[in-house]
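Overview (structure and organization)
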Amino acid sequence: MDPLESDGNGAAGDPLPPPPPLPPNVVPIKAESEPAKKKTARVPMARQGLGSKGQKVSVLTNHFKVNVGNVDGHFYHYSVSLSYEDGRPIDGKGVGRKVIDRLHETYSSELAGKDFAYDGEKSLSTVGPLPDNKNEFTVVLEDVTSNRNNGNANGHDSPNENDRKRLRRPYQSKTFRVAISFAAKIPMEAIQNALRGQESENFQEELRVLDIILRQNAAEQGCLLVRQSFFQNDPANFVPIGGGVLGCRGFHSSFRTSQGGLSLNIDVSTTMTIQPGPVVDFLISNQNARDPFSLDWSKAKRVLKNLRIKVNPSNQEHKNWTERANMPRTDKSKNSDGEAETLEVTVYDYFVNHRNIQLQYSGDLPCINVGKPKRPTYIPIELCELVSLQRYTKALSTFQRASLVEKSRQKPQERMSALSNALRNSNYGADPMLRSCGVSISSNFTQVEGRVLPAPKLKMGNGEELFPRNGRWNFNNKKFMEPTKIERWAVVNFSARCDVRRLVQDLTRCADMKGIHINPPFDVFEENNQNRRLSPVLRVEKMFNDIQSKLPGAPQFLLCLLPERKNSDLYGPWKRKNLAEFDIVTQCMSPTPRINDQYLTNLLLKINAKLGGLCSMLAIERTPALPVVSKLPTIILGMDVSHGSPGHSDVPSIAAVVSSRQWPSISRYRASVRTQSPKVEMIDSLFKRVSEKEDGGIIRELLLDFYKSSGQRKPDQVIIFRDGVSESQFNQVLNVELDQIIEACKFLDENWDPKFVVIVAQKNHHTKFFLQNSPDNVQPGTVIDNKICHPKNNDFYLCAHAGMIGTTRPTHYHVLLDQIGFSPDNLQELVHSLSYVYQRSTTAISVVAPICYAHLAAAQLGTYMKFEDAYETSSSHGGVTAPGAVPVPQLPKLKEKVCSSMFFC
């Protein structure tokens, strides 16, 4: 209504009456709220400076300087679509490269003579544009088998004319349709901008193209490609590790940006491959069988699934095949009257009598069907061979893993020689795509300046102090810092062969030397011989029934003797029974024939830590001299996620977080562990609101423990060490996991605003360091934060441990966030010190102790999952990760006493 018009009840323009007064205790509601501010995503912080503490040392690294001459050029990115002539998509691996190679040969002039960088699937790049934005071609290939060098296909092994008729399909030429469409234009100057700290999406794409060129170079040499690692079919590169599996040595090659410019990072790499040769020989080795007639064919079928085989004498390769009994074969022939008749003969008889091929043992063994389900083609297994360079992706046994580690080790000088040879043999200087980019690669190892940080002083019992030498120390004639007392305990022997009485005497004597008082055990519980053949879960149940019937009360500690040295099936059920049901701390061991004092001391380190003792600590740990951490209440978190082994993709992942307790101590920790969806790396249970007043997440549990154990103090500073994430996941750590931790803090106290430091530790990288003119590894404490580090972000490499065998692998620390304001020296000193507080050993470890503890906690509780079906899972422990998701079985909740202990040690 116009204010000048009359409303019909009074004169025009009369002012409105004032609003009535507000009643008491009423807060006015704002009519319109301002639009919510968009949350700013956190990004990894920039470097704040370089460290200066420590003795300077010059080291070499396996980064090779790269110069890029064509900085004004552009990569042109194209999408590739491959199909058969009838429009069906191509399903075989390796075919794409052969098609694109033939395309390049056939249509070079139509493509302006451009060289390609092809990723083997749907992406292709060129330097400069192709004549047209959209191109379609027809390509004809004579043979579509793998192009790896798997043996001579000529000579006496060549198929004869009859074989060609029988195996006519693989020898037919095939026609393919190729469509190439323009997708993007990428300036080469993006790398130069990134080196100046100005990263962009174009930079990541350009680096990806350069890495694709390296893969393409290796593929042309017939290498097996595993991401950026390449493996040649050279017998000198193979070492047997048992079970028909070979360790195959190759090399990793990738481009990296650094403070010193672009570099090529080359390192030795190892993968597992199937033993090539006769299928029967592999199966005998894999199953440790006496002969072909002792094989378990159901196991054979599983292990041979999707492997490529070569059939003699035709030398043809096949992949999708299955084993069948020695099936009869229908064959047509003419009788004496010249009339056609159908005969049914076995595959064995057909090959022996009709093909004149001598077979020694195939008559009683299954055949191999190398045909299609509707068109089977049966071959005697004796004529089938496994093709070389096929990856073995199943989980290794303990002995295979130990053998692989042992045979993969290389001393520093040996590794340097291997890397120089790999760079020379790759002949990158002759690669046409790299030359088009103006890329030249130095053949010299990059020299960088490092610093050796002094080892922190450690404190033992009776006030003794010492400086570790070469990252090591010992407890000879020394006592533990805070030794525990073991008053009520017992020994449980699961059929391990040893003199238990002598073991107890030696353990008691050694413990007394370390300051631990041990009363005689209440009893030794020997397993009944009749129980040995029961399942692991039942064996543990029977043993606990015996323990409960004889012990007067709950023991403080149980020492468990296991018969197997590694991976005993009893370990998981035993740990679960003690920790989740009876609240008992336990230590497992597998006695060897000769147990010396060093062995017993290592055992006592674990027992003492589990029972609340402290073996050693930093001399400055409880003094104001500890940088930053001692000034304000500080909690240190270590976070890790453990995934199921290869071939077990349905096993839940296990997230573990450990936290420091009893501030200002940084040597005591406790753990909280949860399951989550398989293969999920981001921890989703850090904060989990159950109701308006209840949080069932990991962080709340750890914060409350810190508060209780640290004199009713809330931490003002939270230092987070995260393991197991790649650079592409850094933003998720900062914006997903950290947000959960902040939510957990706010849920406890809305006004609580601690400061955070987030550091990612990476061991799975390919940077190594070498001393010049020395066969030794770099010294423990060597830190590098220049030249080969990120051009902008805050990262550094640290070799905290002494590399006694092989070549030292440094840990790469990325500081993603620092709200506390550490100086580079103080932060590096704290990280270095945290490598010396690991209670299980008397050496500095390669990564900070909180991360090692998180890994141990996840691994130990992960043994529960293997036997989960044998227990009745409580519905209160069941969980679902998301609406409609597959339920993830939850771990049983640990009892209170062991929950607050270092049970994982």
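Thresholds applied
Residues numbered from 1 in each chain as written. Predicted model: local features only at pLDDT ≥ 70, side-chain atom pairs only at ≥ 80, totals over all residues. Heavy atoms only, no water. Helix = DSSP H or I, 4+ residues; strand = E, 2+ residues; numbered from the N terminus. Buried < 20%, exposed > 50% of the residue type's maximum accessible area, 1.4 Å probe, protein only. Contact = heavy atoms within 4.5 Å. Areas by Shrake-Rupley, 256 points an atom, 1.4 Å probe, with all protein chains shown as cover. pLDDT = per-residue confidence, 0-100. Polar contact = N/O pair within 3.5 Å; in protein donor to acceptor, adjacent residues only side chain to side chain. Phe/Tyr/Trp six-rings, centres within 6.5 Å; stacked < 30°, edge-to-face > 60°. Axes fitted to C-alpha atoms, helices over the stretch in contact; angles between N-to-C directions. Parallel < 35°, antiparallel > 145°, perpendicular 65-115°, else oblique. Left-handed = near helix turned anticlockwise from the far one by under 90°. Pairing = 2+ DSSP bridges. Salt bridge = Lys/Arg side-chain N within 4 Å of Asp/Glu carboxyl O.

Within the chain, the secondary structure is distributed over 20 helices and 43 strands. By residue count, 51% of the 905 residues in the chain fall in the buried class. Residue pairs at least 24 apart in sequence account for 73% of intrachain contacts in the chain once pairs closer than 6 positions are excluded. When the accessible surface of the chain is summed, it comes to about 44400 Å², and 48% of that surface belongs to carbon and sulfur atoms.

Time to look at the confidence of the model for the chain. Fine structural detail should not be taken from predicted coordinates in areas where pLDDT scores are low. The predicted model of the chain averages 86 in pLDDT, with 87% of residues at 70 or higher. For the stretch residues 146-171, pLDDT sits under 50, and the model shows 43 contacts to residues farther than four places along the chain or on other chains. Across residues 869-884, where pLDDT falls below 50, the model places 20 contacts with residues more than four positions away in sequence or in other chains.

For the rest of this paragraph, the subject is the side chain of Gln 390. Relative to the elements of secondary structure, Gln 390 occurs in the loop between strand S20 (384-386) and helix H9 (398-408). Taking relative accessible area as the criterion, Gln 390 reaches 4% and is therefore assigned buried. At a separation of 2.9 Å, a polar atom in the side chain of Gln 390 contacts the main-chain carbonyl oxygen of Val 387. Excluding residues that lie within four positions of it along the chain, Gln 390 makes contacts with Met 272, Thr 273, Ile 274, Leu 307 and Arg 308.

One turn of an α-helix holds 3.6 residues; hence residues three or four places apart share an orientation. Burial analysis of helix H18 (residues 824-833) places seven of its ten residues in the buried class, the great majority of the element. The set of residues buried in H18 consists of Asp 825, Leu 827, Gln 828, Leu 830, Val 831, His 832 and Ser 833.

With that settled, consider the packing of aromatic side chains. Applying the stated criterion across every chain yields a total of 21 aromatic pairs. Each ring, one from Tyr 78 and one from Phe 182, has its centre 5.9 Å from the other, and the planes form 75°; the classification is edge-to-face. You can see Tyr 78 sitting in strand S2 (residues 74-84) and its partner Phe 182 sitting in strand S6 (residues 174-187), a full 104 residues away along the chain. Judged by relative accessible area, Tyr 78 falls into the buried class, the value being 0%. By way of ring pairs, the aromatic residues Tyr 669, Tyr 838, Tyr 853, Phe 903 and Phe 904 are connected into one cluster.

This paragraph deals with the packing of helix H16 (residues 698-709) against helix H17 (residues 730-748). Packing of H16 against H17 brings their axes to within 9 Å, and their N-to-C directions diverge by 55°. By the angle class used here, H16 and H17 are oblique. Between H16 and H17 lies a crossing of right-handed hand. Where H16 abuts H17, its residues Ile 699, Arg 700, Leu 703 and Leu 704 lie against Ile 741, Ala 744, Cys 745, Phe 747 and Leu 748.

Hydrogen bonding along the main chain pairs the strands of a sheet, whether they run parallel or antiparallel. With antiparallel pairing, the four strands of this open sheet are ordered in space as S12-S20-S13-S14. Single-partner strands in this sheet number two, and they are strand S12 (277-278) and strand S14 (316-318). Summarising the sheet, strand S13 (residues 309-311) and S14 pair through three bridges and their orientation is antiparallel. Residue Ile 309 lies in a different strand from S14, and its bridge partner there is His 318.

Here the focus is the pairing of strand S9 (residues 238-242). With four bridges joining them, S9 and strand S10 (residues 245-258) adopt antiparallel strand pairing. Within S10, the position partnered with Phe 238 by the bridge is Cys 248. In textbook terms, the turn of a hairpin is the stretch between consecutive antiparallel strands, and for S9 and S10 this stretch comprises two residues, one of which, Gly 243, has a positive phi near 70°.

Turning our attention to the pairing of strand S31 (residues 634-642). Burial runs high along S31: eight of the nine residues are buried. As paired elements, S31 and strand S36 (residues 717-723) share six bridges and run parallel to each other. From the neighbouring strand, Met 639 faces S36, where its bridge partner is Arg 722. Relative to strand S32 (residues 653-660), S31 runs antiparallel, the two being bridged by six bridges. The residue of S32 that forms the bridge with Leu 637 is Ser 659.

On to the sheet that holds S2, then. Judged by pairing direction, the sheet is antiparallel, and its five strands sit side by side in the order S3-S4-S2-S6-S5 without closing on themselves. The open sheet has two free edges, formed respectively by strand S3 (117-118) and strand S5 (134-141), since each of these has just one partner strand. Of the strand pairs in this sheet, S5 and S6 are connected by eight bridges, and their pairing is antiparallel. Residue pairing across strands places Lys 134 opposite Ser 181, the latter belonging to S6.

Let's shift gears to the pattern of salt bridges. Going through the model one piece at a time under the given rule, you end up with 30 salt bridges. In this structure, Glu 701 and Arg 674 form a salt bridge, with 3.5 Å as the shortest nitrogen-oxygen distance. You can see Glu 701 sitting in helix H16 and its partner Arg 674 sitting in strand S33 (residues 669-676), a full 27 residues away along the chain. Residue classification places Glu 701 among the partly exposed positions, given a relative accessible area of 24%. Each of Arg 661, Arg 670, Arg 674, Glu 701 and Asp 705 takes part in a single network of salt bridges with overlapping partners.

Attention now goes to the side chain of Ser 253. By the secondary structure assignment, Ser 253 is in strand S10. Residue classification places Ser 253 among the buried positions, given a relative accessible area of 0%. Of the polar contacts made by the side chain of Ser 253, one reaches the side chain of Tyr 428; its length is 3.1 Å. Here Ser 253 is in contact with Leu 214, Gln 228, Phe 230, Leu 264, Asn 265, Ile 266 and Tyr 428, once residues within four sequence places are set aside.

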